Amino acid sequence: MRFIFHYPEPNGPEANLFAAGPLTDVAVAVEKAGFDGLSLSEHPIPGAKWLNTGGHQTVDPFVALSFVAAATSRIKVLTYLAVAPYRNPLSLAKSASTLDTLSGGRLILGLGTGYQKSEFFALGVDINERNALFDEALDVLPLHWSGEAFSYKGLHFDARDVRSLPRPVQDPIPIWVGGNSKLSRRRVAERAQGWMPMSGGAQLSSTARTPELGTSSELGVKISEMRDAAAAAGRTEPIDVLYSYQADGLPTPAVDADRHRENFAELEKAGVTWIVVSHPSGSSYSDTTEFLDAFGSTYLS
């Protein structure tokens, strides 16, 4: 089991996004504490109503994770998650390739289809095309990263005998797909390297337009079915699963540690390979480093 720290993204328009501490300083502390990665999410232009009623602030994940990579030497950097339909897939591929190259091969590209209608409208993207656009991205990314010439005609672009260099360090850059639907799991089984189910409960599932995840036992069944489907498709590489762990008491990780260890063991038994944790938004830098130190000494040492 490996652990990722998600940089806290505060809710509401009045909060200070960097209250948890300077991003690069937090990244160094994350690496020192023994975590295996740091993640950031994406909302380039969210609806004001959503933000005013509990939505969270973000930065551009590719730019910000470049700072993280420059300040660290070991941890992975994860987009958790980038919305593939928001970008031309060739631009998405170049951003990912650049970050992977400059980080020395440490990018995990977490992708989702997106769910905010107002954000799709603002960006000029048809939300009804989001699944088709997502599948286009899965087609184009490996072609772009191959370093070889290719052509591809999409819904809104026509790439004719194009080629991108330099190639990224990783071959391929791991793609982790977000969402709880059967379609998301099928995409992972056929063409991705990891699955990022959403574990936030009924309200989050409704907001994000994805089915509820269910119990750890139900999760285990879904993971087994997904990996069986990957094997049936002739794939032999392991499929990672990232789970967002949000149990009560987590902000004080050294308290009731046995309960958390039991939960981690149950998730690992279900097939989870990575766990992402965070600290409540609005915390101070000292609160963040205290959490990281406590979590690291309790579970990562």
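If you're wondering where the values come from, they're calculated on a predicted model, not measured in any experiment. Along each chain, residues carry numbers from 1 onward, in the same order as the chain's sequence is written. Given that the model is predicted, a residue must reach a pLDDT of at least 70 before its local features are reported, and side-chain atom pairs must reach 80 or more before they are shown or counted; all residues, however, enter totals for whole chains, interfaces and linings. The side-chain figures draw on all heavy atoms in the structure; neither hydrogens nor water molecules are used.

(A) Representation of the overall build of the chain. By definition, any uninterrupted DSSP run of H or I lasting at least four residues is a helix, any uninterrupted run of E lasting at least two residues is a strand, and each is numbered from the N terminus. Each helix and strand in the chain was counted, giving 11 helices and 11 strands. A compact globule built from 301 residues would reach a C-alpha radius of gyration of about 19 Å, and the chain, at 19 Å, matches this within 12%. Only protein chains enter the accessibility calculation, which uses a 1.4 Å probe; a residue whose area is less than 20% of its type maximum is buried, one above 50% is exposed, and one in between is partly exposed. A total of 301 residues make up the chain; the buried ones form 52% of that total. Whether two residues are in contact is decided by their heavy atoms: any pair within 4.5 Å suffices. Long-range pairs, those at least 24 residues apart, make up 71% of the contacts in the chain with a sequence separation of at least 6. The atom set for the radius of gyration is the C-alpha atoms, and the globule formula is 2.2 Å times the number of residues raised to the power 0.38.

(B) Examining the packing of helix H1 (residues 23-33) against helix H3 (residues 61-71) more closely. An axis is simply a line fitted to the C-alpha atoms; with a helix, the fit covers only the stretch in contact. Between two such axes, the angle follows the N-to-C directions and lies from 0 to 180 degrees. Running from amino to carboxyl end, H1 crosses H3 at an angle of 50 degrees, the nearest separation of the two axes being 9 Å. With respect to H3, the axis of H1 lies oblique. Relative to H3, H1 is oriented so that their crossing is right-handed. Across the interface between the two elements, Leu23, Thr24, Ala27 and Val28 of H1 pack against Ala64, Phe67, Val68 and Ala71 of H3. Its residues assigned to classes, the contact of H1 with H3 comprises seven nonpolar, one polar and no charged. Roughly parallel refers to an angle under 35 degrees, roughly antiparallel to one over 145, roughly perpendicular to one between 65 and 115, and oblique to any angle outside these ranges. With the far helix as reference, a near helix turned anticlockwise by less than a right angle produces a left-handed crossing, and one turned clockwise produces a right-handed crossing. Think of it as three bins: nonpolar holds Ala, Val, Leu, Ile, Met, Phe, Trp, Tyr, Cys and Pro, charged holds Asp, Glu, Lys and Arg, and polar takes everything else, Gly as well.

(C) Spotlight on unusual backbone geometry. Put simply, tyrosine 80 and leucine 81 share a cis peptide bond, and its omega is 0 degrees. With respect to the element layout, leucine 81 can be found in the loop between strand E3 (76-79) and strand E4 (82-83). A cis amide bond links aspartate 171 with the next residue in sequence, proline 172, at an omega value of 0 degrees. Topologically, proline 172 is positioned in the loop between strand E7 (158-162) and strand E8 (175-178). Positive phi outside glycine occurs at aspartate 161, with the angle close to 50 degrees. By the element assignment, aspartate 161 lies in strand E7. Of note, aspartate 256 is a non-glycine position whose phi angle comes to about 60 degrees, a positive value.

(D) Representation of the nonpolar core within the structure. Joining through side-chain atoms within 4.5 Å is the link that ties buried Ala, Val, Leu, Ile, Met, Phe, Trp, Tyr and Cys residues into a set, and such a set is a nonpolar core. Ranked by size, the top nonpolar core spans 61 residues in total, and within it Phe35, Leu109, Leu111, Ile175, Leu292 and Phe295 carry the most contacts. It is H1 that provides the largest number of residues to this core, a total of six residues. Once residues lying within four places of it in the same chain are set aside, the contact partners of phenylalanine 295 are Phe3, Phe35, Leu250, Pro253, Phe264, Val277 and Leu300. Among the nonpolar cores identified, the runner-up in size contains nine residues, and Leu78, Met196, Trp274 and Val276 belong to it.

(E) Broad picture of the side chain of arginine 87. For arginine 87, the location among the structural elements is in the loop between E4 and helix H4 (89-102). Taking the relative accessible area as the measure of exposure, arginine 87 reaches 19% and is therefore buried. If near-sequence neighbours (up to four positions away) are discounted, arginine 87 is found in contact with Glu42, Asp60, Phe62, Ala82 and Leu92.

(F) Examining helix H9 (residues 216-232) more closely. With 17 residues, H9 should cover 24 Å at 1.5 Å per step; its first-to-last C-alpha distance of 24 Å lies within 8% of that length. Residues of H9 that are buried in the fold lie against helix H7 (182-191), strand E9 (194-196), strand E10 (240-244) and helix H10 (257-270). In the segment just after H9, glycine 234 is the residue with positive phi, at about 90 degrees. Between the first and last residue of a helix there are one fewer steps than residues, each counted as 1.5 Å, and that sum is the expected span.

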